[in-house]
Amino acid sequence: MNEQKKSGAPEGVAIHTEFIKLQDFLKFCGALETGGMAKTVVQGGEVLVNGEVCLMRGKKLRPGDTVAYQGGAWQVTADAT
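Scoring rules and cut-offs
- Residues numbered from 1 in each chain as written.
- Predicted model: local features only at pLDDT ≥ 70, side-chain atom pairs only at ≥ 80, totals over all residues.
- Heavy atoms only, no water.
- Buried < 20%, exposed > 50% of the residue type's maximum accessible area, 1.4 Å probe, protein only.
- Helix = DSSP H or I, 4+ residues; strand = E, 2+ residues; numbered from the N terminus.
- Arc of directions from axis to C-beta.
- Contact = heavy atoms within 4.5 Å.
- Salt bridge = Lys/Arg side-chain N within 4 Å of Asp/Glu carboxyl O.

Student: I keep staring at helix H2 (residues 35–43) and nothing clicks. Help me out?
Tutor: Quick reminder: α-helices carry 3.6 residues per turn. Residues three or four places apart thus point the same way. Within H2, burial applies to Ala-38, Val-41 and Val-42. Taken around the axis of H2, the buried residues stretch over an arc of 100°, which confines them to a single face. Where the residues of H2 are buried, they touch helix H1 (22–28), strand S3 (47–49) and strand S6 (66–69). Downstream of H2 by one or two residues, Gly-45 has phi in the positive range, about 75°.

Here you go:
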């Protein structure tokens, strides 16, 4: 698992599409290694999206959304290129 710095501010993760599904984002940002792990933690209520528990692994995340899991926090950002 990805060890995130504990600065308090979410780490920005740029996506190259309009949105990304929550389970894919958890893998993309390095929070989890597999889709199966993502499914389990999301359905177990362990993931917060914008400060609220999210049980939908297919939730569409867009730039500005934040995801928190086990002390780590990531913010979806738009690709600048």
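Student: In this structure, what is going on with the pattern of salt bridges? I would like to understand it.
Tutor: Pairing between side chains becomes possible if they bear opposite charge and their charged atoms approach one another. For the structure shown, the criterion picks out two salt bridges. A salt bridge links Glu-18 to Arg-62, with the nearest nitrogen and oxygen atoms 3.9 Å apart. Taken together, the residues span a long stretch of sequence, with Glu-18 in the loop between strand S1 (11–15) and strand S2 (20–21) and Arg-62 in the loop between strand S5 (60–61) and S6 at a distance of 44 residues. By relative accessible area, Glu-18 is classed as exposed at 57%. What makes Arg-62 partly exposed here is its relative accessible area of 34%. Residue Asp-24 is joined to Lys-27 by a salt bridge in which the shortest nitrogen-to-oxygen separation is 4.0 Å. With a gap of three residues between them, Asp-24 and Lys-27 both fall in helix H1, about one helical turn apart. Residue classification places Lys-27 among the partly exposed residues on the basis of a relative accessible area of 36%.

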